[in-house]
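Understanding the architecture of this molecule
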Amino acid sequence: MNLRPKLLKGRYVRLEPITAEHKDELRGAVDCDPEAWEIMSVNGCGEGFEDWWGALHGETERGERIGYAIRRISDKRVVGTSSILNIRRLHKGLEIGATFLNPEVRSGPINPESKRLLLGHAFDAGAIRVEFMVDNRNTRSHAAVLKLGATEEGVLRNHKITWTGHVRDTAVFSITDDDWPAVRDRLDFRLQETFA
């Protein structure tokens, strides 16, 4: 699997590999909605933003994560972030996650197109499995991942501890390289028909 950071561009968003220059724009996009941050491992809201930024940069420098700033094309504004993480080159697998979208863009084409671009990049690079790990309490993300066309595989009990100290159960979803052509076509149709 030959996965490298690269600019990904769709009709509604540009996914830009995160650099130091994105810090202020990302703070403006993600430093909101404290309740949504409660399910995350690291808090990106308020005083927690610096810890979140530091964790993101550390994982990126170690090659464990490729973080992306999600820029809405219509107004060139950064509206969120998502990442490719838990990269397992030997086994050709990875996770797409650590996604946070500003509340104003949660019900439109931003998330499905971002996921379409990340999935395409992963499978084009030789991935055979892409995972989504969702806090079992997060019904909105559960529904969004299923709507992408991922298969729910089960729940990992007591899997992670959030920054609030909550011991979370994590629902595991996947898309394999065998699934990808049908998932891709379905996503392309959805983006074309629903948001055109």
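Higher on the page you've got the structure.
A brief look at the structure comes next. (Residues numbered from 1 in each chain as written. Predicted model: local features only at pLDDT ≥ 70, side-chain atom pairs only at ≥ 80, totals over all residues. Heavy atoms only, no water.)

**A word on the sheet that holds strand 4 (residues 77-88)**
Put simply, the test is: DSSP calls a pair of strands paired once it identifies at least 2 bridges connecting them. A helix here means a DSSP run of H or I that spans at least four residues, while a strand means a run of E at least two residues long, and both kinds are numbered starting from the N terminus.
Pairing is mixed across the open sheet formed by eight strands, whose spatial order is 1-2-3-4-5-6-8-7. Because the sheet does not close on itself, it has two edges, and the strands there are strand 1 (8-9) and strand 7 (151-161). As paired elements, strand 6 (residues 129-135) and strand 8 (residues 167-176) share seven bridges and run antiparallel to each other. Note on strand 8: the bridge partner recorded for V134 is A171.

**Topic: the packing of helix 1 (residues 23-30) against helix 3 (residues 49-61)**
What counts here: Note on definitions: angles span 0 to 180 degrees between N-to-C directions of axes, and those axes are lines fitted to C-alpha atoms, for helices only across the stretch in contact. By definition in this entry, angles of less than 35 degrees are roughly parallel, angles greater than 145 are roughly antiparallel, angles of 65 to 115 are roughly perpendicular, and the rest are oblique. Crossing handedness: left-handed means the near helix sits turned counterclockwise from the far one by under a right angle, and right-handed means the same turn made clockwise. It only takes one pair of heavy atoms within 4.5 Å for two residues to be counted as in contact. Three residue categories are used. Nonpolar comprises Ala, Val, Leu, Ile, Met, Phe, Trp, Tyr, Cys and Pro, charged comprises Asp, Glu, Lys and Arg, and polar comprises the others, including Gly.
Look at helix 1 against helix 3: their axes get within 11 Å of each other, and the N-to-C directions meet at 125°. Judged on the interaxial angle alone, helix 3 and helix 1 are oblique. Remark: the crossing between helix 1 and helix 3 carries right-handed chirality. Contact residues: K23, L26, R27 and V30 in helix 1; F49, E50, W52 and W53 in helix 3. Looking at the contact of helix 1 with helix 3 residue by residue, the class counts come to five nonpolar, no polar and three charged.

**Some points on the pattern of salt bridges**
As a reminder, the rule being used: Any carboxyl oxygen of Asp or Glu within 4 Å of a side-chain nitrogen of Lys or Arg constitutes a salt bridge here.
Here the structure, examined in full by the defined rule, presents 17 salt bridges. Close ionic contact of E25 with R71 constitutes a salt bridge, the shortest N to O distance being 2.8 Å. On the criterion of sequence distance, the pair formed by E25 in helix 1 and R71 in strand 3 (residues 65-72) is long-range, its members being 46 residues apart. What emerges from the salt-bridge pattern is a single network uniting R14, E16, E25 and R71.

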